[in-house]
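# Inside the fold
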Amino acid sequence: MYRSIKAAPAAAKPQAVVLLLPTGTKPADTPGCPAPDALAALLKQPDTTLAPEWTRTLYHPGQRIGRTLVVGLGDSDKLTADTLRKAAAKALRQLHSAEITAASIHAVGLPIDLDDASIGHAIADGLSLANFTFDTYHGKTKRPEKSKREKPIDLKVVVEEHQRTGFKQGLKVAAGVTTARTLAATPPNVANPKYIAGYCKKLAKDSGLKCTVINASKAKELKMGGLLAVGAGGSTPPCMVILEHNPSGKAKQKPLLLVGKGVTFDTGGYSLKGDGGKGMKYDKCGAMNVIGAMQAIANLKIKRRVVGIVGLAENMIDREAYRVDDILTFCNGVTCEVTNTDAEGRLVLADCLAYGTKAYKPAAVVDFATLTGGVVVALGKRIAGVWSTDDELLAKLKAAGETVGEPVWELPLDDEYRKMMQAKHADLHNSAPVREAHATQGAAFLSYFVGNDAPKQVPTTPWVHVDIAGTSNTDGGTLMEKGPTGFGVRLATELAATL
Ligand code: BES
Ligand code: MN
Ligand code: ZN
């Protein structure tokens, strides 16, 4: 894949022209094509459907611009930002395999509600999402693009003048998405809590964020019994990382608080998973996505205070590891009997939410976590489950999800569900004796930790819990190859920009 994608000035000379065209496009509607006659002939052919993902290449031998890549967008009245993302993704792969290093992309005359900034942004999304690949650990034997070409190349892209601002913003968000996906894909023998904390320190320095690490001994002082228990058997000690975006003039503003589950590997602990936890390196995705979102928010210089807190722990079996039947005390004084060491994410998040809401008095809280298999059963891999205490915040999050193409679906949370999590020998248990309402049990548990009043009643602090167990990784599709998606980075960044 390309080493980088950059916005080039309008004057830059492309080697290829990409036309993103809705069904029914007339030759007169296609500016920028270096071979208008060939294109007119193509558009007349009956099999030129211009359906989504339909593509053709026109070659222009001997001309300065070597080729025109036509990508269909389908019916213009059904066209959304997602159609554009997928078309741009399709184009990216073809440009890459043709080793094009400079292209212009034309999406014009789209009869839809999308403004120019959104069109530019969607094109940047599609190019960047498709461009991601994780090949750091391919040795010499299996590195297809490296054998074809020793040095990775860059792609310079010209878009329509009025779409350029949106395009450049899209690329800034994309850098955060790439960070999240790269960290998520990094294997658990490398990406342990210590590694992630070190990564955050460097990222903070490079992007102007403030970084504070609460290490295990500090966590002990703060009585973070959940974080410490889950990480007790890990290869490196657990920790909490706080990244702050403090734009000037907003020192007193109540921040948006983003919280992420960062279980760098989830074996299940003594409630061991049957397959040892295959794929559970992705159990850190909530945290990696918060880290990526903080990078994007800083790069975009968003004018609101945002604090990101990630809880990092490795859920392993060891002499020191926590047990079933242990009773833990969290930093807000709530106690919990461990009924299943595989319901560990909520124990890590409990301390993050309790500490974060106490220390930062946020205006709104959104947590991201690969929390339950139940949400995958309920909603699959395309839509994330959300539980909320605040309709206004939820409406904004839903709208942000629509805008960026990271959709969320609300599930219920009330006192009856909260009661399911109350235990006999402690305030709570981390897994109810029944499996019903499985994903909601996770949300109900977390609700005891959001704000000071939380243990006693449904929290009054505006809060949304986003369960990304299904959406955090994909089996591969038009937009993204198989692997981590960064689902939540674009959502959280859009929310921060629009809250
Ligand atoms: N990390 C898992 C949830 C998960 C499952 C993520 C599948 C991605 C794909 C979580 O820690 C877990 O193990 N949850 C249990 C909870 C149960 C033991 C109460 C689950 O969902 O089965
Ligand atoms: Mn688990
Ligand atoms: Zn887990």
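Residues numbered from 1 in each chain as written. Chains lettered and ligands numbered in written order. Predicted model: local features only at pLDDT ≥ 70, side-chain atom pairs only at ≥ 80, totals over all residues. Heavy atoms only, no water.

In this section: the side chain of His245. Relative to the elements of secondary structure, His245 occurs in strand β8 (residues 239–245). What makes His245 buried here is its relative accessible area of 7%. Polar side-chain contacts of His245 include one of 2.7 Å to the backbone oxygen of Ile302. For His245, the contacting residues outside a window of four places in its chain are Leu209, Met294, Ile297, Ala298, Lys301, Ile302, Arg304, Arg305 and Val306. (Helix = DSSP H or I, 4+ residues; strand = E, 2+ residues; numbered from the N terminus. Buried < 20%, exposed > 50% of the residue type's maximum accessible area, 1.4 Å probe, protein only. Polar contact = N/O pair within 3.5 Å; in protein donor to acceptor, adjacent residues only side chain to side chain. Contact = heavy atoms within 4.5 Å.)

Coordination of the manganese ion (ligand 2) by the protein comes from Asp266 (OD), Asp342 (O), Asp342 (OD) and Glu344 (OE), over a distance range of 2.0 to 2.2 Å. Here the donor residues of the manganese ion (ligand 2) are spaced in sequence according to D-x75-D-x1-E. Between the manganese ion (ligand 2) and the zinc ion (ligand 3) the interatomic distance comes to 3.2 Å, and Asp266 is a ligand of both metals. Placement of Asp266 in strand β9 (residues 256–266) and of Asp342 in the loop between β12 (335–337) and α10 (345–360) is noted, with a sequence separation of 76 residues between them. (Donors = N, O, S within 2.8 Å, 3.2 Å for Na, K, Ca; no water.)

We now examine the coordination of the zinc ion (ligand 3). Lys261 (NZ), Asp266 (OD), Asp283 (OD) and Glu344 (OE) make up the full set of protein donors to the zinc ion (ligand 3), lying at 2.0 to 2.4 Å. Around the zinc ion (ligand 3) sit 6 donor atoms; with metal-centred angles ranging over 78 to 174 degrees, the donor geometry is octahedral. Of note, the zinc ion (ligand 3) draws all its donor residues from one chain, in the sequence arrangement K-x4-D-x16-D-x60-E. (Tetrahedral: all angles 85-135°; square planar, octahedral: opposite > 155°, others 65-115°.)

The next point concerns the layout of surface pockets. Roughly 1100 Å³ of internal volume is contained in the largest pocket. Breaking the lining of the largest pocket down by element, the ones donating at least two residues are α2 (81–97), α3 (116–131), α5 (164–185), α12 (391–404), β18 (473–474) and α15 (489–498). Residues that form the lining of the largest pocket fall into these classes: 15 nonpolar, 17 polar and 13 charged. Two domains each donate at least three residues to the lining of the largest pocket, and these are domain 1 (4–160) and domain 2 (174–498). (1 Å grid on protein atoms, 1.4 Å probe; cavity = no way out; pocket = protein on both sides within 12 Å on 5 of 7 lines; lining within 4 Å. Points joined across faces, edges and corners; volume = space filled by probe spheres on them. Nonpolar A, V, L, I, M, F, W, Y, C, P; charged D, E, K, R; others polar. Domains from an automatic or database assignment.)

The topology assignment puts Thr461 in the loop between α14 (438–446) and β17 (463–467). With a relative accessible area of 14%, Thr461 lands in the buried category. Once residues within four sequence positions are removed from consideration, Thr461 is found in contact with Pro362, Val365, Thr389, Val450 and Gly451.

What follows deals with the site of ligand 1. The immediate surroundings of ligand 1 are formed by 17 residues, with Lys273, Asp283, Asp342, Glu344 and Gly373 found nearest. For ligand 1, an oxygen atom lies 2.8 Å from a polar atom in the side chain of Asp342. Within the side chain of Glu344, one N or O atom sits 2.8 Å away from an oxygen atom of ligand 1. Taken together, the residues of the shell around ligand 1 break down into 4 nonpolar, 6 polar and 7 charged. (Near = heavy atom within 4 Å.)

Once that is clear, we can look at the pairing of strand β4 (residues 67–74). Extensive coverage of β4 is indicated by the burial of 7 of its 8 residues. In the sheet, strand β2 (residues 16–22) pairs with β4 via 7 bridges, with the strands oriented parallel. Its bridge partner lying in β4, Leu21 is registered against Gly72. Here strand β3 (residues 55–59) pairs with β4 via 5 bridges, running antiparallel. Bridge pairing links Arg56 to Val70 in β4. (Pairing = 2+ DSSP bridges.)

Attention shifts here to the sheet that holds β8. Within the open sheet, the 8 strands sit side by side as β7-β8-β10-β9-β13-β17-β14-β15. Their pairing is mixed. Of all the strands in the sheet, the pair left with one neighbour each is β7 (210–214) and β15 (408–410). Direction aside, the axes of adjacent strands within the sheet are offset by 20 degrees on average. Seen against the sheet, helix α6 (residues 193–207) touches β7, β8, β9 and β10 (306–315) and runs at an angle of roughly 15 degrees to β8. (Axes fitted to C-alpha atoms, helices over the stretch in contact; angles between N-to-C directions.)

Let's shift gears to the sheet that holds β12. Read across the sheet, 3 strands follow the order β11-β12-β16 without closing on themselves; strand pairing throughout is mixed. This sheet does not close on itself; its edge strands, each paired only once, are β11 (327–329) and β16 (428–429). As paired elements, β11 and β12 share 3 bridges and run antiparallel to each other. Residue pairing in the sheet places Ile327 in a bridge with Glu337 of β12.

This brings us to the domain arrangement of the chain. Assigned domains of the chain: these are domain 1 (4–160) and domain 2 (174–498). Across the interface of domain 1 and domain 2, roughly 1500 Å² is buried in total on both sides, 60% from carbon and sulfur atoms. Ranking the residues of domain 1 by area buried against domain 2 places Leu129, Phe132 and Phe134 at the top, with a combined share of 47%. Summed over the shared surface of domain 1 and domain 2, the number is 1 salt bridge. A salt bridge links Arg490 to Asp125; the nearest nitrogen and oxygen atoms lie 3.4 Å apart. Where domain 1 touches domain 2, the interface holds 8 residue pairs in polar contact (both at pLDDT 80 or more). Ranked by the residues each element gives to the side of domain 1 that touches domain 2, the list is headed by α2, at 6 residues. By residue class, the composition of the side of domain 1 that touches domain 2 is 7 nonpolar, 3 polar and 6 charged. (Buried area = accessible area lost by both parts, 1.4 Å probe. Salt bridge = Lys/Arg side-chain N within 4 Å of Asp/Glu carboxyl O.)

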